[in-house]
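# Chain and residue survey
Here is what each chain is made of, one letter per residue.
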Amino acid sequence: MNVLPRSVADLTDDELLALYADGVPDGPWLRVNFVTTLDGSASAGGRTADLGGDDDLRVFDLLRRTADVVLVAAGTVRDEEYGPMVLHDADVEWRREHGMSDHPVFAIVTGSAGLDPSSRVFTAAPVRPIVLTSTSGAASDRGRALAEVADVVACGDDSVDVAAVVRALGDRGLDRIHCEGGPSFFGALIAADRVDELTLTVDPSLEGGEGPRIATGSSPELRRMRPAHVLLGADGVLLTRYVRS
Ligand SMILES: NC(=O)c1ccc[n+]([C@@H]2O[C@H](COP(=O)([O-])OP(=O)(O)OC[C@H]3O[C@@H](n4cnc5c(N)ncnc54)[C@H](OP(=O)(O)O)[C@@H]3O)[C@@H](O)[C@H]2O)c1
C-alpha cells in the first residue's frame, strides 16, 4: 500500500498500467470503476462529467485499454449518453502490440431491453455489442429489434441475474471485465459477491444534493476490500484502488 500518494503526472502510462495490473490473475477478473464526491455522491447535476478531472479521464481510458469487455448498465448508458465503444489510436496500438482485439466489446445490461437500436452505440460499434437482458426482455419486440444490431443474451427469466451476466461473458472468453456502473448494477454485483476490484476516484467536492451513492440496493453482508494504491491527481483528486480482500 502506497500511503503517501504519488502524483499521476509523474507516472508514465506503462507505470500506471503496471500499478493497475498488480495482483490481477490471468483468469476472470471483474473491475468496477467509479468517481465520488467527498460527501458520497456519484453524480453532480445528474452526470459525472464535472467530477474527476483530467487525471481521472487518463486512468479511465487506460483501464478500458486492458479490458476484454466494458460492461455498463442501461441507466448509465442512457443518462451519460454513451456512444460506441471506440478507443483512442494509442490504446488500439497498445492492444495490437499485446495481441488483443482493437477494441473491447461493449456489453450493456438491461432488464427491459429499453435501448435504441438506431443509437450510435450500435450503428457505429467497431465490435458487435452484447445486450444482456432477461428472457422476457429478449423475447419482447424491443429485444428482437436489438438482436438486429447486437448479440442479445438472456441472463435470467423476468429479471437479469448478475451471476449469469458474468458467466455469459466468461463463456465468450471475455475474462477481463471492466464495469463502469452504474449504482444499481454495482449494488447488484456487490450483493452477488462478484466484485474483484474497485477503482474509485475521490473528487474533492461537496455535492450536498440528491445524487445517488455509488452503489444502491441491498447486500446480505459487508464485503471486505483491501487497499492497493492511492495516487494524487491534479486539483487534489485521489485515485484509489481496492481489491477483494
Ligand atoms: N460516479 C460514477 O462513477 C458513476 C458511474 C456510472 C453512473 N453514474 C450515475 O448513475 C446514475 C444512473 O444510475 P442507475 O442506478 O440508474 O444506473 P445503472 O445501474 O447504470 O442502470 C440501472 C439499469 O440497469 C438495468 N439492470 C438490469 N438488470 C439489473 C440488475 N440486476 N441490477 C441493476 N440494474 C439492472 C435496468 O435497466 P432497464 O431499465 O433498461 O431495464 C436498470 O434500470 C446516473 O446519474 C449516472 O451519472 C455515476
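Where an unreviewed UniProt entry is consulted, the chain appears under the name Bacterial bifunctional deaminase-reductase C-terminal domain-containing protein, with the organism given as Curtobacterium luteum. What UniProt records for the chain under Pathway (unreviewed entry) is the sentence "Cofactor biosynthesis; riboflavin biosynthesis."

### Concerning helix H4 (residues 89-97)
Of the positions making up H4, those classed as buried are Asp91, Val92, Trp94 and Arg95. Taken around the axis of H4, the buried residues stretch over an arc of 160 degrees, which confines them to a single face. Relative to its buried face, H4 has exposed residues pointing more than 90 degrees away, namely Asp89, Arg96 and Glu97. Positioned one or two residues after H4, Gly99 has a phi angle of 70 degrees, which is positive.

### Considerations on the packing of aromatic side chains
For the structure on display, the rule yields two aromatic pairs. Taken together, a centroid distance of 5.7 Å and an interplanar angle of 35 degrees make the contact between Tyr82 and Phe106 tilted. Taken together, the positions of Tyr82 in the loop between helix H3 (74-79) and H4 and Phe106 in strand E4 (residues 105-109) put the pair 24 residues apart, joining distant regions of the chain. For the residue pair Tyr82 and Phe106, the accessibility class agrees, reading buried in each case.

### Section: the sheet that holds E4
The strands making up a sheet are joined through hydrogen bonds of the backbone, oriented either antiparallel or parallel. Strand order in the open sheet made by the 10 strands is E1-E9-E10-E8-E2-E7-E3-E4-E5-E6, with mixed pairing throughout. Among the strands making up the open sheet, the edge pair consists of strand E1 (6-7) and strand E6 (151-154). Note that strand E9 (residues 225-232) and strand E10 (residues 238-244) share seven bridges and pair antiparallel. Of the residues in E10, the one forming a bridge with Leu231 is Leu239. In the packing of helix H1 (residues 13-21) onto the sheet, the strands contacted are E1, strand E2 (29-37), strand E8 (197-203), E9 and E10, and the crossing angle to E9 comes to about 165 degrees.

### Points about the nonpolar core
If you look at the biggest cluster of nonpolar residues, it comprises 31 residues, and the most contacted ones within it are Val32, Leu71, Leu132, Leu169, Phe185 and Leu189. If you list the elements that add at least two residues to this core, you get E2, strand E3 (69-73), E4, strand E5 (130-133), helix H8 (162-171), strand E7 (176-179), helix H9 (183-191) and E8. Not counting the four nearest positions on each side in its chain, Leu189 is found in contact with Leu30, Val32, Val162, Val166, Cys179, Arg194 and Val195. Within the second largest apolar cluster, 17 residues are counted, among which are Ala67, Tyr82, Met85 and Val121.

### A short note on the site of the ligand
Surveying the vicinity of the ligand reveals 26 residues, the closest of which are Ala42, Thr76, Glu80, Thr110 and Ser184. For the ligand, an oxygen atom lies 3.0 Å from a polar atom in the backbone of Gly75. Separating an oxygen atom of the ligand from a backbone N or O atom of Gly182 is a distance of 2.8 Å. Out of a free accessible area of 920 Å², the ligand has 80% covered by protein chains. Looking at the shell around the ligand, the elements with two or more residues in it are E2, H3 and H9. By residue number, the principal contributor to the shell around the ligand is H3, which donates five residues. Class assignment for the residues of the shell around the ligand results in 11 nonpolar, 10 polar and five charged.

### Section: the packing of H1 against helix H2 (residues 53-65)
It is the contact of H1 with H2, at a shortest axis distance of 10 Å, that shows an interaxial angle of 65 degrees. With respect to their mutual orientation, H1 and H2 come out roughly perpendicular. Here H1 and H2 pass one another in a crossing that is right-handed. In contact with Asp13, Leu16, Leu17 and Tyr20 of H1, H2 contributes Arg58, Val59, Leu62, Leu63 and Arg65. Each residue belonging to the contact of H1 with H2 can be placed in one class, and the counts come to six nonpolar, no polar and three charged.

Parameters at a glance
Residues numbered from 1 in each chain as written. Predicted model: local features only at pLDDT ≥ 70, side-chain atom pairs only at ≥ 80, totals over all residues. Heavy atoms only, no water. UniProt positions renumbered as here; feature names shortened; annotations may be inferred. Buried < 20%, exposed > 50% of the residue type's maximum accessible area, 1.4 Å probe, protein only. Helix = DSSP H or I, 4+ residues; strand = E, 2+ residues; numbered from the N terminus. Arc of directions from axis to C-beta. Phe/Tyr/Trp six-rings, centres within 6.5 Å; stacked < 30°, edge-to-face > 60°. Pairing = 2+ DSSP bridges. Contact = heavy atoms within 4.5 Å. Axes fitted to C-alpha atoms, helices over the stretch in contact; angles between N-to-C directions. Core = buried A, V, L, I, M, F, W, Y, C linked by side-chain atoms within 4.5 Å. Near = heavy atom within 4 Å. Polar contact = N/O pair within 3.5 Å; in protein donor to acceptor, adjacent residues only side chain to side chain. Areas by Shrake-Rupley, 256 points an atom, 1.4 Å probe, with all protein chains shown as cover. Nonpolar A, V, L, I, M, F, W, Y, C, P; charged D, E, K, R; others polar. Parallel < 35°, antiparallel > 145°, perpendicular 65-115°, else oblique. Left-handed = near helix turned anticlockwise from the far one by under 90°.

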